[in-house]
Every structure is written in structure tokens, then in C-alpha cells.
Amino acid sequence: MREGFFRPVFTLSYVSRSRLDHLSMGGRSQIDDILRVSRERNRLLNITGALFFNEGRFTQVLEGAEGHVRDVFDSIKRDVRHTDVTVLATDASSTRKFPDWSMAFVGESDAAQAHYASFVKENTAFWRGVTNQALCLLMLELIAIDQKIALDRKSTRLNSSHIPLSRMPSSA
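Residues numbered from 1 in each chain as written. Predicted model: local features only at pLDDT ≥ 70, side-chain atom pairs only at ≥ 80, totals over all residues. Heavy atoms only, no water.

Draft legend 1. Structural detail: the overall build of the protein. Secondary structure summary: the protein contains 5 helices and 5 strands in total. Listed N to C, the secondary structure of the protein is α-β-α-β-β-α-β-β-α-α in terms of helices and strands. Here the protein holds 172 residues, and 37% of them are scored as buried. Counting only contacts in the protein whose residues sit at least 6 apart along the sequence, the fraction spanning at least 24 positions is 80%. (Helix = DSSP H or I, 4+ residues; strand = E, 2+ residues; numbered from the N terminus. Buried < 20%, exposed > 50% of the residue type's maximum accessible area, 1.4 Å probe, protein only. Contact = heavy atoms within 4.5 Å.)

Draft legend 2. Expanded view of the pattern of salt bridges. Overall, the coordinates contain 6 salt bridges when judged by the stated rule. Across the salt bridge formed by Asp 74 and Lys 77, the nearest N and O atoms sit 3.3 Å from each other. With a gap of 3 residues between them, Asp 74 and Lys 77 both fall in helix H3 (residues 66-78), about one helical turn apart. Note on Asp 74: relative accessible area 30%, which makes it partly exposed. Note that Arg 81 and Asp 79 form a salt bridge whose closest N and O atoms lie 2.6 Å from each other. Assessed through its relative accessible area of 19%, Asp 79 is described here as buried. (Salt bridge = Lys/Arg side-chain N within 4 Å of Asp/Glu carboxyl O.)

Draft legend 3. Broad picture of the nonpolar core. Core analysis: the biggest nonpolar cluster contains 19 residues, and Phe 98, Val 106, Met 139 and Leu 142 have the highest contact counts within it. Breaking this core down by element, the ones donating at least two residues are strand S2 (48-54), strand S5 (104-106), helix H4 (110-122) and helix H5 (132-161). Sort the elements by how many residues they give to this core and H5 lands first, with 6 residues. Residue contacts for Met 139: discarding those within four places in its chain leaves Ala 50, Leu 51, Phe 52, Thr 59, Gln 60, Val 61, Phe 98 and Val 106. The next biggest cluster of nonpolar side chains, apart from the first, holds 18 residues, and it includes Tyr 14, Ile 47, Val 69 and Phe 73. (Core = buried A, V, L, I, M, F, W, Y, C linked by side-chain atoms within 4.5 Å.)

Draft legend 4. Molecular detail of the side chain of Thr 48. One can find Thr 48 in strand S2. Other than its neighbours up to four places away in sequence, Thr 48 contacts Val 61, Leu 62, Glu 63, Arg 96, Phe 98, Pro 99, Trp 101 and Ser 102.

Draft legend 5. Summary view of H3. Given a rise of 1.5 Å per residue, 13 residues ought to cover 18 Å, and the 18 Å separating the end C-alpha atoms of H3 matches this to within 8%. For H3, the set of buried residues is Val 69, Val 72, Phe 73 and Ile 76. The buried side chains of H3 occupy one side of the element, clustering within an arc of 100° when seen end-on. (Expected span 1.5 Å × (residues − 1). Arc of directions from axis to C-beta.)

Draft legend 6. Structural detail: the side chain of Gln 60. Locating Gln 60 in the fold gives a position in strand S3 (residues 57-64). For Gln 60, a relative accessible area of 5% translates into the label buried.

Draft legend 7. Representation of the pairing of S3. The buried count for S3 comes to 7 of 8 residues, which makes it a mostly enclosed element. For strand S1 (residues 9-18) and S3, the ladder comprises 8 bridges, and the chain directions are antiparallel. Paired with Thr 11 across the strands is Glu 63, a residue of S3. With 7 bridges joining them, S2 and S3 adopt antiparallel strand pairing. Counted as the bridge partner of Gly 49 is Leu 62 from S3. In textbook terms, the turn of a hairpin is the stretch between consecutive antiparallel strands, and for S2 and S3 this stretch comprises 2 residues, one of which, Glu 55, has a positive phi near 50°. (Pairing = 2+ DSSP bridges.)

Following this line, the structure appears as C-alpha cells:
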């Protein structure tokens, strides 16, 4: 039974200014704490979504049952690690954009950060009339870039640990 067929998936996106010290390792540790708690809570509430952190700002998409999403968003608004919390868009759709992530962390790689910077520079009006669909597409692009970078790194590690057969000791 598809969730969206019988009950629309409510989507809410927002942006906020971070009160974390994002330039220090402590800031990254706090983001990891946010992700850990969010992922656990979201699994229990059947909420999915993505979180992007850039230049001291959080951008997040939450999707699930409207009551659960609004409750989570209310807790985010009360969280002292956020200020200037602004809803970008809300809507309902028949499918989730992030079905496999209780909370994806988006844009960690330098390549994803560069793609985001280029996108924002080329689309200066993007944030004024952003839709959930457009924001989700941007986040999915950033996820794909991060995943490609991670896969390339893994492949490089595997290739560098490979011993060519010509260098293998003979058993004779």
C-alpha cells in the first residue's frame, strides 16, 4: 500500500540562521548531535527529509504526516540553536522526495558546496519564490554529488590497496 495514494505527504521547508559555531569542530559535533537526534525521532514519526548547512544557515525539508511535521517544526522553532526561522514553502504531494532518509545531511563535499554557490549565484531570485519541488531537486542534486564523491573516494582506496598480480609473491 503506497502511503501517498491514501494520505498526502505533507512537505514543509524552512531556512534558519544557526547559532552554532560552524567554523569550529565543536560546531560540526553539534550538527552531528542534531542529526543523530533528528534521525531517531523522525524514524519514530515516519518523517523523512534533508538538512543542508551552508554559510551559517540551515535549510531543511521535512515530509510526512502533517501533524507530525508541524510538531517537529514547532520544536525546531523553539530550539536555541536556530534563530530567524522562516518557512519557505508548504504543500502536499502523493510521494516523498527523500523516502530513504530519516534525515539526509546534504552538501558536505567541497564539490556540493561549489555547486550550491554556483546555483545561488546563477539563480539570485531562487529563494524569493522557492517551491518545495525546486528545493528538493536542488537537495537531491547535492546528495548525488556527495554520493559520487564518497564512491570515488572508496574506489580510490580500494584501487590503492590492490596489489597487482605481477607483484604478488610466488608460491613456488
